[in-house]
Amino acid sequence: MRFLLTEKFLRENGIFDEITAERFERYFDLVSEANSKFNLTAITDTEGFDSKHFYDSLAAYGYVKNARSVCDMGSGAGFPGIPLAIVCPDVSFTLVDSLKKRTDFLDACIKELGLSNCKAVHARAEEHASSHREEYDACTSRAVAPLNTLAELCAPLIKKGGLFLAYKGKNAHEEEVAAKNAYDVLGLRKKEEFVYECAGEKRFILVGEKISSTPVRYPRGGNKPRTRPI
């Protein structure tokens with residue numbers, strides 16, 4: 001396997017096998033092929049892909065492996081949704097993105113990789129959150145928006161007792177402070193944070209728990225979660 005960090009992670013968690021390894025290899029090739037036609041990622045080398053896409057995506061494995069359903073909001077090229085779907089075959093993943101050419105790409109990847117537990121949905125975050133309220137055990141999101149905005153887009157999707165898993169970098173704690181009011185309003189509370197190192201940098205998964213139903217007025221339309229965050 002070309003992806004040494006990813007292979008190490010898979011072996012340490014007892015989930016390495018040839019089919020899984022082949023899926024990661026093929027997924028890298030699919031992203032590389034599509035990247036020549038339209039921009040999916042600026043990271044194109046195998047080492048960068050290994051650490052900054054695959055290994056980083058898999059950081060939430062412990063939080064989603066026992067879930068029944070997970071929404072990956074703003075999935076883009078499929079991170080973290082597809083890597084997690086590869087290693088969690090019994091979990092149903094929904095990958096949401098607002099750009100049709102990206103969801104077309106995700107559909108092609110899902111078919112090529114044989115991921116029967118995964119589907120792509122072309123929709124704006126606000127639309128999907130409004131029409132699938134409290135449907136998922138967890139919601140992941142990586143490199144999409146500041147935490148206060150992200151919370152408004154994701155919290156309505158999560159069942160009470162479910163998890164909001166926000167991948168963040170060095171400004172994680174500053175974003176947490178800014179999102180405190182949003183968490184209170186949206187029915188979330190901080191559960192914990194998972195800290196790990198990726199490509200020599202400290203990374204965080206900020207783990208929120210859904211403790212009460214999100215008021216029906218959220219998420220707001222008109223791009224307000226981004227222009228006027230709670």
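Everything that follows concerns the structure shown earlier in this document.
Below is a summary of the structure that appears in this document.

Calculation rules
- Residues numbered from 1 in each chain as written.
- Predicted model: local features only at pLDDT ≥ 70, side-chain atom pairs only at ≥ 80, totals over all residues.
- Heavy atoms only, no water.
- Helix = DSSP H or I, 4+ residues; strand = E, 2+ residues; numbered from the N terminus.
- Buried < 20%, exposed > 50% of the residue type's maximum accessible area, 1.4 Å probe, protein only.
- Lys, Arg positive; Asp, Glu negative; His and termini not counted.
- Salt bridge = Lys/Arg side-chain N within 4 Å of Asp/Glu carboxyl O.
- Polar contact = N/O pair within 3.5 Å; in protein donor to acceptor, adjacent residues only side chain to side chain.
- Contact = heavy atoms within 4.5 Å.

Before going further, it helps to examine the side chain of D72. Position of D72 relative to the elements: it lies in strand β1 (residues 69–73). As a buried residue without a salt bridge, D72 has its nearest oppositely charged side chain in R142, at a separation of 8.2 Å. Within the structure, D72 has its side chain in polar contact with the backbone nitrogen of G81 (distance 3.0 Å). Once residues within four sequence positions are removed from consideration, D72 is found in contact with G78, F79, P80, G81, T94, L95, V96, T140 and S141.

Taken as a whole, this structure holds 21 salt bridges when the rule is applied. Note that E25 and R2 form a salt bridge whose closest N and O atoms lie 2.4 Å from each other. Taken together, the residues E25 in helix α2 (residues 18–35) and R2 in the segment before α1 (4–12) connect sequence positions 23 residues apart. A relative accessible area of 40% places R2 in the partly exposed class. The residue D184 makes a salt bridge to K180 at a minimum N-O spacing of 3.3 Å.

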